[in-house]
Amino acid sequence: MPRKPFIAGNWKMNKTVAEGLGLVDELKSLVAGVDDVDIAVFPTFVSLGKIGEAIKGSNIVLGGQCCFWKESGAWTGQMAPGMLKDVGCQWVIVGHSETRGRFGTVDDELEKLLPYFGECDTTVNMKAKAAFAAGLTPIIACGELLAERESGNTDQVIAEQMKIDLAGFTEEQAARMVIAYEPVWAIGTGKVCDAAEADRVCGLIRSIVKDMYGATVADAVRIQYGGSVKPDNAEELLSKENIDGALVGGASLKAGDFAAIVKAAR
Ligand code: PGA
């Protein structure tokens, strides 16, 4: 069975409510009628409600950029998956390198501090399970740092992340979840991963899914590539056998660029 491409726009900490409404307004008309690609946007928490209303009835769906694993309670600053569902989300990203506290380009002092607010593989796994329990579907992100790639440890890092991140789901959940391979050094840097190499790592992820959940699940699961995806490199990446879509940051902030990436997936 062919896997339906999935293009997700992660707005990160960008766009006010008004700016986001302008963006989806333009995007809706640019991608109108596209039914062979799944399209989702991931605005900031504070604009989810308004953006959700604006895209109602269109072919664009809504997702949250992160969630906590508890349903409610004294967890200041956190967001319950059920609350994301309540404002119309269908998806949630967990394990993005920026919520893991693994950034590609920061100065030395910050690098020591950032991991303290980060997720770890165990909490990524808990968040993904909480997402399913609330009726959302998780996009589980993974990826190696530049130092890990340069020391020849990419495959080991990915395997270690996946083993914990993907543990303990039902086969139905495992087939429905989306995995995003995002080399940290390629995020927001303009340095896209070579398409053949991205395809190789996505293939490795598929083989890990196969070991954990069997061939049928591995065939069905969608694996996105993320990291400096732009209109001019999207087609080559998306033509690869193991790449079923893209998690797009910077280029999702411009309706024309994001729509061009959606069209490259067709
Ligand atoms: P980028 O971000 O497209 O700006 O590199 C991708 C991501 O972090 O999801």
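Residues numbered from 1 in each chain as written. Predicted model: local features only at pLDDT ≥ 70, side-chain atom pairs only at ≥ 80, totals over all residues. Heavy atoms only, no water.

> Explain the packing of helix 1 (residues 17-30) against helix 2 (residues 48-55) here, please?
The angle between the axes and the distance between the axes are what describe a pair of packed helices. Here helix 1 crosses helix 2 at 20°, and the two axes come no closer than 10 Å. One way to sum up the angle between helix 1 and helix 2 is to call them roughly parallel. In this structure, helix 1 crosses over helix 2, and the sense of that crossing is right-handed. Note on element contacts: helix 2 touches helix 1 through Lys50, Ile51, Ala54 and Ile55, opposite Val17, Gly20, Leu21, Val24 and Lys28. (Axes fitted to C-alpha atoms, helices over the stretch in contact; angles between N-to-C directions. Helix = DSSP H or I, 4+ residues; strand = E, 2+ residues; numbered from the N terminus. Parallel < 35°, antiparallel > 145°, perpendicular 65-115°, else oblique. Left-handed = near helix turned anticlockwise from the far one by under 90°. Contact = heavy atoms within 4.5 Å.)

> In this structure, what is going on with the site of the ligand? I would like to understand it.
Contacts to the ligand come from 13 residues, most closely from Lys12, His96, Glu182, Gly188 and Ser228. Backbone polar atom of glycine 188 to an oxygen atom of the ligand: 2.6 Å apart, as the coordinates give it. A distance of 2.7 Å is found between an oxygen atom of the ligand and a backbone nitrogen or oxygen belonging to serine 228. For the shell around the ligand, the residue count by class is 4 nonpolar, 7 polar and 2 charged. (Near = heavy atom within 4 Å. Polar contact = N/O pair within 3.5 Å; in protein donor to acceptor, adjacent residues only side chain to side chain. Nonpolar A, V, L, I, M, F, W, Y, C, P; charged D, E, K, R; others polar.)

> What am I meant to see in the confidence of the model for the protein chain here?
As a note on interpretation, predicted positions should not be read in detail where pLDDT is low. In this model, the protein chain carries a mean pLDDT of 96, and residues with pLDDT of at least 70 account for 99%. Across the protein chain, the element-wise mean pLDDT spans from 75 in helix 4 (residues 108-113) up to 99 in strand 2 (residues 38-42). (pLDDT = per-residue confidence, 0-100.)

> Explanation requested: the state of the cysteines in the structure shown.
Covalent bonding between the sulfur atoms of two cysteines is what defines a disulfide. Scanning the entire structure with this criterion turns up 0 disulfides. Free of any disulfide, cysteine 67 has its nearest cysteine sulfur in cysteine 66, 6.0 Å distant. What makes cysteine 67 buried here is its relative accessible area of 2%. With no disulfide of its own, cysteine 202 lies closest to cysteine 142 among cysteine sulfurs, the gap being 8.0 Å. (Disulfide = S-S within 2.5 Å. Buried < 20%, exposed > 50% of the residue type's maximum accessible area, 1.4 Å probe, protein only.)

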